[in-house]
Amino acid sequence: MPAQEFVRPKELEEVLALLADPEQKAIPVAGGSALVRGSRRKAEIFVDIKDCGLNSLRQQDEQFVLGAALSCSDIVRAPLPGATGDLLHELADSVATQPLRNAITLGGNIVNMVSWADFPVALLALDANVSIARHAQQNEIWPMQRLVEEHPLKALPAGALLTHVWVPQHDAGWGANYRRFRQSEVDYSLASVATLIELKNNKINNISIAVGAVTPRPQRCTQAEKVLLGHAASANNMAQAAAAAVDEVRIVANMRMEESMRRRVLQVEIRRAIETAVQRAKASQA
Amino acid sequence: MKFDVTINGQVQQLEAEADAILLDILRDAGYKGVKYGCHEGVCGSCTVLVDGKATYACMTFVGQVAGHEITTIEGLGTIDAPHVLQESMVEAAAVQCGFCTPGMILSAKALLDEKTDVSRDDIAHALDGNLCRCTGYTKIFDGVEIAARKMRGES
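In this text, all values refer to a predicted model and were calculated from it rather than measured experimentally.

Asker: Looking at this structure, I do not really get the overall build of chain B. What am I missing?
Answerer: Counting its regular elements, chain B contains 6 helices and 5 strands. When the helices and strands of chain B are read in sequence order from the N terminus, they spell out β-β-α-β-β-α-β-α-α-α-α. Its C-alpha atoms give chain B a radius of gyration of 15 Å, near enough to 15 Å, the size a compact globule of 155 residues would have. Principal axes of the C-alpha set define a box for chain B whose edges measure 45 × 30 × 25 Å. Looking at the 155 residues of chain B, the share that counts as buried comes to 52%. Residue pairs in contact within chain B that sit at least 24 positions apart in sequence constitute 55% of those at least 6 positions apart. Carbon together with sulfur atoms contributes 48% to the accessible area of chain B, which is approximately 6,900 Å² in total. The averaged location of the 22 negative side-chain charges in chain B is 5 Å from the averaged location of its 13 positive side-chain charges.

Okay, here's the thing in structure tokens:
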């Protein structure tokens, strides 16, 4: 049966009530780009979530709290200082094309989590958390890692809505970089890397490296992180970390790029991401 | 369902199914300048402005624009009084088959309405969602630069 209604509630509770009713067969619509082309259009009610307060940005407890309905363009313009801002701005401004950056939302990109999705990779590196809301239930906070281990569309309970993303702020001493390898400026990612580094007394005090697009879902490179943690960054150990990362991830090939090429590309991009993050961390201390 | 939308400054009521796509409804309503190219969010020939932002009409449900303002190429200027971007594209010889041109102009308008002090990279980035098979883009970007200069009052 084709969709019967398209509604745009002004209150989140109304959205959640619609999603919770199994008889209604309602589906949330954010940017709409995945839904327009997807099979989930079998829903009977489309519930537009762009007007119920989920396109907000605030700071709370040394974290940025980003509404799930923020578009990539909104994030490009958002006042997000420090390494966190560098990472999210870089990512948001590189996604797809301008009309799609105006449509694609943070929440939609996370929940649909196609293999080339960009935000999940960065949010994994940032150790982000997400708020999950359901009608007449207490909100839950989930770590990004949980959404990555089991695809969000399977992990999220019926009627649940990802409403906000909580991202730690990182200021002086921190540097980050998001990189994508693709065959043209507007192509899907063929390999993506997010790196976040803290320098203290010239040594790497904190590091996270996450990769995507080459793996079925985004993955942290914990073995690679161990290579650098506690050490001063050098050309040698950054290259070693990149090599270790490539060894620990399960790389999948497809018709666009064979596995050996993906490994080579990924290794280069990881090394460059680490180098850039280190440079930015040093610059932030100046 | 009925959706109230402002199109080129006029409030109109569009009658459409709940899951209707904006591109199809606009063309049915007579806005043929919104082109049916790929219908899958790649080519940009269906680009319109929604509240001033470049948007693929083929990737948008009609319901998403209810209560919002849409600008199509028809709303930009006339033969006798073209918009500065339309003039500038002609001046730059930026039109060959013309199929991409409405989308290109609207994406450029979105950029120049925000800022007129634009670099070549800014133009390329703002128009990265509009493909052209004819011109190789150089003259299109020239046209946008010409329009930007005019809008800055420099020529």
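Asker: Which parts of the structure should I look at to understand the confidence of the model for chain B?
Answerer: Segments scoring low in pLDDT should not have their predicted coordinates read at a detailed level. On average, chain B scores 97 in pLDDT, and the residues at 70 or more come to 100%. Of the two predicted TM-score estimates for the complex, the pTM is 0.95 and the ipTM is 0.96.

Asker: Please clarify how the pairing of strand β11 (residues 203–212) of chain A should be interpreted in this entry.
Answerer: Walk down a regular strand and you will see the side chains alternate between the two sheet faces. Residues and elements named next belong to chain A. Burial within β11 is extensive, with 7 of its 10 residues counted as buried. Relative to β11, strand β10 (residues 191–200) runs antiparallel, the two being bridged by 9 bridges. Among the inter-strand pairings, A194 is bridged to a residue of β11, identified as A210. Pairing of β11 with strand β12 (residues 219–220), which is carried by 2 bridges, proceeds in the antiparallel orientation.

Asker: Teacher, can you tell me more about the sheet that holds strand β5 (residues 69–71) of chain B here?
Answerer: Two pairing modes exist for strands in a sheet, parallel and antiparallel, and in both the strands are linked by backbone hydrogen bonds. All names here are of chain B. Judged by pairing direction, the sheet is mixed, and its 5 strands sit side by side in the order β2-β1-β5-β3-β4 without closing on themselves. Bordering the open sheet on either side are β2 (10–15) and β4 (53–56), each of which pairs with just one other strand. On average, adjacent strands in this sheet sit at an angle of 40 degrees to one another, irrespective of strand direction. Where strand β1 (residues 2–7) meets β5, 2 bridges bridge the pair, whose relative direction is parallel. Bridge pairing in β5 links T6 to E69.

Asker: Before we go on, may I ask you to explain the pairing of strand β7 (residues 140–143) of chain A in this structure?
Answerer: Residues and elements named next belong to chain A. Pairing analysis gives 4 bridges linking strand β6 (residues 129–133) to β7, with the strands arranged antiparallel. Its bridge partner being in β7, V130 is matched across the sheet by W142. Counted along the chain from β6 to the antiparallel partner β7, the turn is 6 residues long, and its residue A136 has a positive phi close to 60 degrees.

Asker: Just to check I follow, could you spell out the sheet that holds β6 of chain A for this structure?
Answerer: Residues and elements named next belong to chain A. The strand order β4-β5-β8-β6-β7 describes an open sheet built from 5 strands, whose pairing is antiparallel. Across the chains shown, the open sheet's two edge strands, defined by having one partner strand only, are β4 (57–60) and β7. Looking at each pair of strands side by side, their axes are set apart by 30 degrees on average, direction ignored. The strands touched by helix α1 (residues 12–20) within the sheet are β6 and β8 (161–168), with β8 carrying the most contacts at an inclination of about 125 degrees.

Asker: It is not clear to me how the side chain of S71 of chain A should be interpreted in this structure. Could you clarify?
Answerer: Note that S71 of chain A resides in the loop between β5 (63–67) and α3 (72–77). Beyond its immediate sequence surroundings of up to four residues, S71 of chain A is in contact with R101, N102, I104 and T105 of chain A.

Asker: Can you help me understand helix α11 (residues 235–248) of chain A in this one?
Answerer: One turn of the α-helix equals 3.6 residues, which is why residues spaced by three or four share an orientation. Residues and elements named next belong to chain A. If you check α11, its first and last C-alpha atoms are 20 Å apart, about what 14 residues at 1.5 Å a residue would give, namely 20 Å. Inspection of α11 places N237, M238, A241, A242, A244, A245 and V246 among the buried residues, and these make up the whole buried set. Elements that come into contact with the buried residues of α11 comprise α10 (222–228) and α12 (259–285).

Asker: Quick question: what am I supposed to make of the interface of chain A and chain B here?
Answerer: How big an interface is tends to be stated in terms of accessible area lost as the parts join. Contacts between the two partners involve 28 residues from chain A, matched on the other side by 25 residues from chain B. For the chain A and chain B pair, buried surface summed over both sides reaches about 2,200 Å², with 54% attributable to carbon and sulfur atoms. Where chain A packs against chain B, one counts 3 salt bridges. K53 of chain B is the salt-bridge partner of D74 of chain A, the closest N and O atoms lying 3.9 Å from each other. Between chain A and chain B we count 13 residue pairs in polar contact (both at pLDDT 80 or more) in total. Secondary structure elements with two or more residues in the side of chain A that touches chain B: β1 (5–7), α2 (33–37), β3 (45–48), α3 and α5 (98–101) of chain A. Tallied by class, residues from the side of chain A that touches chain B come to 12 nonpolar, 7 polar and 9 charged.

Asker: Explanation requested: the packing of α11 of chain A against α12 of chain A in the structure shown.
Answerer: Axes are the key here: two packed helices are described by the angle between their axes and the distance separating the axes. All names here are of chain A. Direction vectors running N to C along α11 and α12 enclose 135 degrees, while the axes themselves pass 8 Å from each other. Classified by the angle their axes make, α11 and α12 are oblique. Along this stretch, α11 crosses α12, giving a crossing that reads as right-handed. Contacts from M238, A239, A241, A242, A243, A245 and V246 of α11 reach α12 at R263, L266, Q267, I270, R271, I274, E275 and V278. Residues of the contact of α11 with α12, tallied by class, amount to 11 nonpolar, 1 polar and 3 charged.

What counts, and at which threshold
- Residues numbered from 1 in each chain as written.
- Chains lettered and ligands numbered in written order.
- Predicted model: local features only at pLDDT ≥ 70, side-chain atom pairs only at ≥ 80, totals over all residues.
- Heavy atoms only, no water.
- Helix = DSSP H or I, 4+ residues; strand = E, 2+ residues; numbered from the N terminus.
- Rg over C-alpha atoms; globule rule 2.2 N^0.38 Å.
- Buried < 20%, exposed > 50% of the residue type's maximum accessible area, 1.4 Å probe, protein only.
- Contact = heavy atoms within 4.5 Å.
- Areas by Shrake-Rupley, 256 points an atom, 1.4 Å probe, with all protein chains shown as cover.
- Lys, Arg positive; Asp, Glu negative; His and termini not counted.
- Charge placed at Lys NZ, Arg CZ, Asp CG, Glu CD.
- pLDDT = per-residue confidence, 0-100.
- Pairing = 2+ DSSP bridges.
- Axes fitted to C-alpha atoms, helices over the stretch in contact; angles between N-to-C directions.
- Expected span 1.5 Å × (residues − 1).
- Buried area = accessible area lost by both parts, 1.4 Å probe.
- Salt bridge = Lys/Arg side-chain N within 4 Å of Asp/Glu carboxyl O.
- Polar contact = N/O pair within 3.5 Å; in protein donor to acceptor, adjacent residues only side chain to side chain.
- Nonpolar A, V, L, I, M, F, W, Y, C, P; charged D, E, K, R; others polar.
- Parallel < 35°, antiparallel > 145°, perpendicular 65-115°, else oblique.
- Left-handed = near helix turned anticlockwise from the far one by under 90°.

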